[in-house]
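Summary of the model geometry
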Amino acid sequence: MKKILTGLKPTGDLTLGNYIGAISQMVKLQDEYESFVFVADLHALTTYQNPDELRQRIRKFIAMYIACGIDPKKNTIYIQSENEYLGNISYLLECSTTYGEASRMIQFKEKSKQNANFSVGLLTYPILMASDILYCDTDLVPVGIDQKQHVELARNIAERFNNKYGYTFKLPEPFINSNGQKINDLKYPDKKMSKSEENPNGVISLFDSVEDVKSKIKKATTDSLNNIHYDKENQPGISNLLNIASILDNASIEELENRFKGKGYGEFKSYVADVVGNFIEKIQAKYNEIINSKELDEILDAGIKKSRELAREKYELMKERMGLIR
Ligand code: ATP
Ligand code: MG
């Protein structure tokens, strides 16, 4: 069976963008693939996180994954930092990565510009991500388009390592859903919706109240063309709402365009608000059932046991290949 893997970093509350770009993809593929889902808590540390908030958020992530449909029977679910082999593998991979390629990563370039005192971790975290992907021989990595370059980096590092030391890693590929590849901010529809965004008005958190979600959608930035039409260039706000509704309501963009032909933005937004509101209500009901359950710890214990064993095997193989044996 082929393998898929995805991880999300607890830098803020999970968003609708995270659900559509990554979590829902995993849910769709979990029957056909051996699946791995984790909380990428080490990745969150490239910027300072309040320790108490981080600890709580990690648990919330796991419960929300399950509430969104990630089935613990079909997935290996774990917390990245509990697998100490990943850091070791990452260092060995760093030695097969050039400084040039790491510093060419778009996210590094953007985020290092925003803060002159950026950490070295911001530069090296894509290599840790390569370790996350490669240790368990992942075939496919469901991600949003913003992470495509990092998955390609993992593939390049794997290929280089294999060429130098002999076949060690399977070459992974990104898996990107065509219309869910990027959900944008509701206030600034030219920008990706992100959980670390400071202004919450354009971001739908999976933990928002239904009222807040509806009100955010009703206040979403649109345009003055008064035409419900998918045109990312000229109507980014309306296109974004079409995208969201199309995925959550299982209707094609074309179908929605036809349904709302000649109708006003108010009516369209009410519809989108209901679709998203119903979705939020449904997942939160499930979340509330499991967040304090003992089962959550059992799932994590089983997940990390399997993950560590696979990582240990890969680490030993890498060391042997590289000459790190007696
Ligand atoms: P941060 O702002 O801290 O970078 P984020 O919201 O971008 O947070 P990540 O943890 O970086 O979330 O990414 C987790 C997964 O969610 C990745 O696969 C990423 O591609 C996907 N993703 C993130 N934001 C979106 C979005 N707006 N639309 C589609 N997919 C997204
Ligand atoms: Mg991100």
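An account of the accompanying structure is given in this report. (Residues numbered from 1 in each chain as written. Chains lettered and ligands numbered in written order. Predicted model: local features only at pLDDT ≥ 70, side-chain atom pairs only at ≥ 80, totals over all residues. Heavy atoms only, no water.)

Comments concerning the layout of surface pockets
Spelled out, the test is: Grid spacing is 1 Å over the protein atoms alone, the probe is 1.4 Å, and a cavity is where that probe fits but cannot get out, while a pocket is an open set with protein on both sides within 12 Å along at least five of seven lines and lining residues have an atom within 4 Å of a point. Grid points are joined across faces, edges and corners, and a volume is the space filled by probe spheres set on the points. We count a stretch as a helix when DSSP gives it H or I for four or more residues in a row; a strand needs E for two or more, and each element gets its number in order from the N terminus. Just so you know the grouping, Ala, Val, Leu, Ile, Met, Phe, Trp, Tyr, Cys and Pro go in nonpolar, Asp, Glu, Lys and Arg go in charged, and all remaining residues, Gly too, go in polar. Domain limits in this description derive from either an automatic procedure or a database domain assignment.
Of the volumes computed, that of the second largest pocket is approximately 250 Å³. Around the second largest pocket sit 14 residues that line it, and Tyr19, Ile247, Leu248, Phe279 and Lys282 are the ones nearest its centre. Only helix 1 (16-29), helix 10 (236-248) and helix 12 (265-290) provide two or more residues apiece to the lining of the second largest pocket. Considering every element that reaches the lining of the second largest pocket, the biggest residue donor is helix 1, with 5 residues. The class makeup of the residues in the lining of the second largest pocket is 8 nonpolar, 4 polar and 2 charged. Looking at which domains feed residues into the lining of the second largest pocket, each of domain 1 (3-176 + 293-322) and domain 2 (200-288) gives three or more.

Points about the pairing of strand 3 (residues 75-79)
Condition: With a 1.4 Å probe rolled over the protein chains alone, any residue whose accessible area is under 20% of its type maximum counts as buried; one over 50% counts as exposed, and the rest are partly exposed. Strands are labelled as partners when DSSP assigns at least two bridges between them.
Taken across its 5 residues, strand 3 has 5 buried, putting it largely inside the fold. Where strand 2 (residues 34-39) lies against strand 3, 5 bridges are found, and the strand directions are parallel. Bridge pairing links Val39 to Ile79 in strand 3.

What about the site of ligand 1?
Filter applied, for reference: Nearness of a residue to a molecule or strand requires only that one of the residue's heavy atoms be within 4 Å of it. We define a polar contact as two N or O atoms separated by no more than 3.5 Å, with the added condition that, inside protein, one atom must be a possible hydrogen donor and the other a possible acceptor, whereas residues neighbouring each other in sequence contribute only through side-chain atom pairs. Per-residue and other accessible areas were derived by the Shrake-Rupley procedure at a 1.4 Å probe size, with only the shown protein chains allowed to occlude residues.
Lining the immediate surroundings of ligand 1 are 21 residues, of which Thr11, Ile183, Lys192, Lys195 and Ser196 lie closest. Lys111 has a polar side-chain atom sitting 3.4 Å from an oxygen atom of ligand 1. Isolated, ligand 1 exposes 590 Å² of accessible area, and the fraction of that covered by the protein chains is 97%. With 4 residues, the top contributor of residues to the shell around ligand 1 is helix 1. For the shell around ligand 1, the per-class residue count stands at 5 nonpolar, 10 polar and 6 charged.

As for the packing of aromatic side chains
The line we're drawing: Pairing of aromatic side chains here covers Phe, Tyr and the six-membered ring of Trp, requires ring centres within 6.5 Å, and sorts the geometry by plane angle: under 30 degrees stacked, over 60 edge-to-face, intermediate tilted. Whether a charge sits over a ring depends on NZ of Lys or CZ of Arg being within 6 Å of the ring centre and within 35 degrees of the ring normal.
The final tally for this structure, using the stated rule, is 11 aromatic pairs. With a centroid separation of 4.7 Å and an interplanar angle of 50 degrees, the aromatic rings of Phe161 and Tyr165 are classed as tilted. You can see Phe161 and its partner Tyr165 sitting in helix 8 (residues 148-165), 4 residues apart, about one turn around the helix. The buried category is assigned to Phe161, whose relative accessible area is 0%. Here Tyr165 falls in the partly exposed class, since its relative accessible area comes to 28%. With a centroid separation of 5.2 Å and an interplanar angle of 70 degrees, the aromatic rings of Phe260 and Phe268 are classed as edge-to-face. Here Phe260 and Phe268 have matching classes, each one buried. Within the aromatic cluster, the residues linked to one another by ring pairs are Phe161, Tyr165 and Phe169. Lys60 extends its terminal NZ or CZ atom over the ring of Phe207, reaching a point 4.4 Å from the ring centre.

Function-wise, these values are silent; they only describe arrangement.
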